[in-house]
Amino acid sequence: MTSQPARPARVFLHNTSIPDGPQSVAEYGSLRATSFRFASGVTAVRLENELGALVVLPFKGQQIWSAEFGGAGVERRVLTWRSMVAEPQASADFLSTF
């Protein structure tokens with residue numbers, strides 16, 4: 001018996017359909033994707049599994065806002081730069097996000 005390759009997971013996001021509160025948008029094995037909006041109105045997706053988490057800004061050029069990793073027996077480490085602002089800003093240009 002030949003096994004078929006797994007089909008890729010697809011997630012379709014539309015900026016206007018993301019609610020203010022967290023909403024699960026996909027699960028694939030241990031990987032979870034949750035969409036939400038920052039208070040500034042910027043849309044984000046949190047991708048997480050048992051080894052870590054990324055917060056990505058899908059409508060801001062796929063910017064990674066935060067990243068933290070560490071698994072079983074490994075201290076969790078934040079791997080992103082500190083920012084002058086607590087959350088991304090709604091802006092038309094990249095640098096104003098920070």
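All figures in this text were calculated on a predicted structure; none of them were measured in a lab.

Cut-offs used in this document
Residues numbered from 1 in each chain as written. Predicted model: local features only at pLDDT ≥ 70, side-chain atom pairs only at ≥ 80, totals over all residues. Heavy atoms only, no water. Core = buried A, V, L, I, M, F, W, Y, C linked by side-chain atoms within 4.5 Å. Buried < 20%, exposed > 50% of the residue type's maximum accessible area, 1.4 Å probe, protein only. Contact = heavy atoms within 4.5 Å. Salt bridge = Lys/Arg side-chain N within 4 Å of Asp/Glu carboxyl O. Helix = DSSP H or I, 4+ residues; strand = E, 2+ residues; numbered from the N terminus. Patch = residues over 30% accessible without salt bridge, like charges linked within 9 Å, V, L, I, M, F, W, Y side chains within 5 Å. Areas by Shrake-Rupley, 256 points an atom, 1.4 Å probe, with all protein chains shown as cover.

A. Representation of the nonpolar core in the model. Of all hydrophobic cores here, the largest spans seven residues; its members are Phe36, Phe38, Val42, Ala44, Val55, Leu57 and Trp65. Not counting chain neighbours up to four residues away, the residues in contact with valine 42 comprise Phe36, Arg37, Leu57, Lys60, Pro88, Gln89 and Ala90.

B. The pattern of salt bridges, seen in detail. Taken as a whole and judged by the stated rule, the model has two salt bridges. Taking the shortest distance from any N to any O, the salt bridge between glutamate 48 and arginine 32 comes out at 4.0 Å. One end of the pair, glutamate 48, is in strand β3 (residues 43-49); the other, arginine 32, is in strand β2 (residues 31-37), with 16 residues separating them in the sequence. Here arginine 32 falls in the partly exposed class, since its relative accessible area comes to 35%. The salt bridge involving glutamate 48 is made with arginine 46; its shortest N-O contact spans 3.5 Å.

C. Up close: the side chain of serine 35. Following the sequence through the fold, serine 35 ends up in strand β2. Apart from residues lying up to four places away in sequence, serine 35 is in contact with Ile18, Gly21, Pro22, Gln23, Val25, Ala44 and Val45.

D. Molecular detail of a nonpolar patch on the surface. A cluster of nonpolar residues, Tyr28, Leu31 and Leu47, forms a patch on the protein surface that exposes about 260 Å² of accessible area. As for its placement among the helices and strands, leucine 47 is situated in strand β3.

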